[in-house]
Structures are given as C-alpha cells and as structure tokens.
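Residues per chain, in single letters:
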Amino acid sequence: QVVKMLSSGTLITAIGILLICHAGYSTLQYRQYLRLVGEDFERAPSDVLLECFIGLIVSLVGVMSLADKLVPIKMAQTFRNKGVDDYHFRPEFQVFNHRGRALGLLLQAVEGSSSRARSPAMESKKAR
C-alpha cells in the first residue's frame, strides 16, 4: 500500500513542486541580496526562471502520469432513450433574476407619468 502512494507519478510531481518552491526561495534570496547591495530588483535571474520552467514541465509530466486512461464516449448508449426535447433542454441557461422586471416597472412609471402630464384640453382635442 505504501508503494501505491509513492508511485512514479507522485514522485515526479513532488520533484516538480519542489523545484518550483526552490526557485521561489532563490528569488527571495536574490531580492534580499539586492537590498543589501542597494540595487533595484528588475526581474529574477535567468537560472531561476529556467528552474521554474523545468519544475513546471516536470510537475505537468507527473500529473499526466497520475491520470487514469481515457475512456471513449459512446454517444449511442448515452442518448438511446432520450427524445429530441431532452437534447435541447438546458436548465442551467434559464435565468429568472434579470433586469426585465426593473425595465418593466420603469416603463410603467414612464407611461404613468406621461398620461398624467397630458392636460384635459389636449384630451378633448384628441377626442374630436
């Protein structure tokens, strides 16, 4: 069981993460050195950037080796007992809290204020 926990993928991932952590620690030491010398920090040294990039690649390889095998998707089995309506039903796209309600209330308020603004004389002219 201990051998399963320390598989090659786990070990490779751990080495990659350690490389990235060491690159960060080296950058901190470099910044502290620059403070002592009195220079400004512009960017990390190229060897630290290279170490960070190698750590990234190593950890990606480790994580990819930890992943299970990909299983093919069989569409015929998945959609065998479903109708056309089931294909187009997407409840995650139904939105009920939107600005339509506020716009409706705003339009009612505008229409209400415009009808109050009309004078009775104008109403009598319209009726003729």
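Residues numbered from 1 in each chain as written. Predicted model: local features only at pLDDT ≥ 70, side-chain atom pairs only at ≥ 80, totals over all residues. Heavy atoms only, no water.

A. Spatial organisation of the packing of helix H2 (residues 8-37) against helix H3 (residues 46-66). For the pair H2 and H3, the least separation of the axes is 7 Å and the interaxial angle reads 160°. In terms of their interaxial angle, H2 and H3 are classed as roughly antiparallel. Once H2 is placed against H3, the crossing between them reads as left-handed. Looking at side-chain class alone, the contact of H2 with H3 contains 14 nonpolar, eleven polar and one charged residues. (Axes fitted to C-alpha atoms, helices over the stretch in contact; angles between N-to-C directions. Helix = DSSP H or I, 4+ residues; strand = E, 2+ residues; numbered from the N terminus. Parallel < 35°, antiparallel > 145°, perpendicular 65-115°, else oblique. Left-handed = near helix turned anticlockwise from the far one by under 90°. Nonpolar A, V, L, I, M, F, W, Y, C, P; charged D, E, K, R; others polar.)

B. Molecular detail of H3. Taking 1.5 Å per residue, 21 residues should reach 30 Å; H3 reaches 30 Å between its end C-alpha atoms and fits that length. Close packing links the buried residues of H3 with H2. (Expected span 1.5 Å × (residues − 1). Contact = heavy atoms within 4.5 Å.)

C. Looking closely at the packing of aromatic side chains. Taken as a whole and assessed by the stated rule, the structure comprises one aromatic pair. One Lys or Arg, Arg31, reaches over the ring of Phe41 and ends 4.7 Å from the middle of that ring. (Phe/Tyr/Trp six-rings, centres within 6.5 Å; stacked < 30°, edge-to-face > 60°. Lys NZ or Arg CZ within 6 Å of the ring centre and 35° of its normal.)

D. Layout of the environment of Glu51. Assignment of secondary structure puts Glu51 in helix H3. What makes Glu51 buried here is its relative accessible area of 17%. Not counting residues within four places of it along the chain, the set of residues in contact with Glu51 comprises Leu19, His22, Ala23 and Ser26. (Buried < 20%, exposed > 50% of the residue type's maximum accessible area, 1.4 Å probe, protein only.)

E. How the structure looks around H2. With 30 residues, H2 extends 43 Å between its outermost C-alpha atoms, agreeing within 8% with the 44 Å of an ideal straight helix rising 1.5 Å per residue. Within H2 the residues assigned to the buried category are Gly9, Thr13, Gly16, Ala23, Ser26, Thr27 and Leu34. Residues of H2 that are buried sit in contact with H3. Of the residues flanking the end of H2, it is Gly38, one or two places downstream, whose phi is positive at about 95°.

F. Region of interest: the state of the cysteines. Enumeration over the complete set of coordinates arrives at zero disulfides. Cys21 carries a free sulfur, and the closest cysteine sulfur to it, the one in Cys52, is 9.7 Å from it. (Disulfide = S-S within 2.5 Å.)

G. Structural context of a nonpolar patch on the surface. On the surface, Ile12, Ile20, Leu50, Phe53, Ile54, Leu56, Ile57, Leu60 and Val61 cluster together into a nonpolar patch covering about 750 Å² of accessible area. With seven residues, H3 is the single largest residue contributor to the nonpolar patch. (Patch = residues over 30% accessible without salt bridge, like charges linked within 9 Å, V, L, I, M, F, W, Y side chains within 5 Å. Areas by Shrake-Rupley, 256 points an atom, 1.4 Å probe, with all protein chains shown as cover. Salt bridge = Lys/Arg side-chain N within 4 Å of Asp/Glu carboxyl O.)

H. Focus on the side chain of Ser26. As for its position among the elements, Ser26 is in helix H2. Setting aside residues up to four positions removed in sequence, Ser26 forms contacts with Val48 and Glu51.

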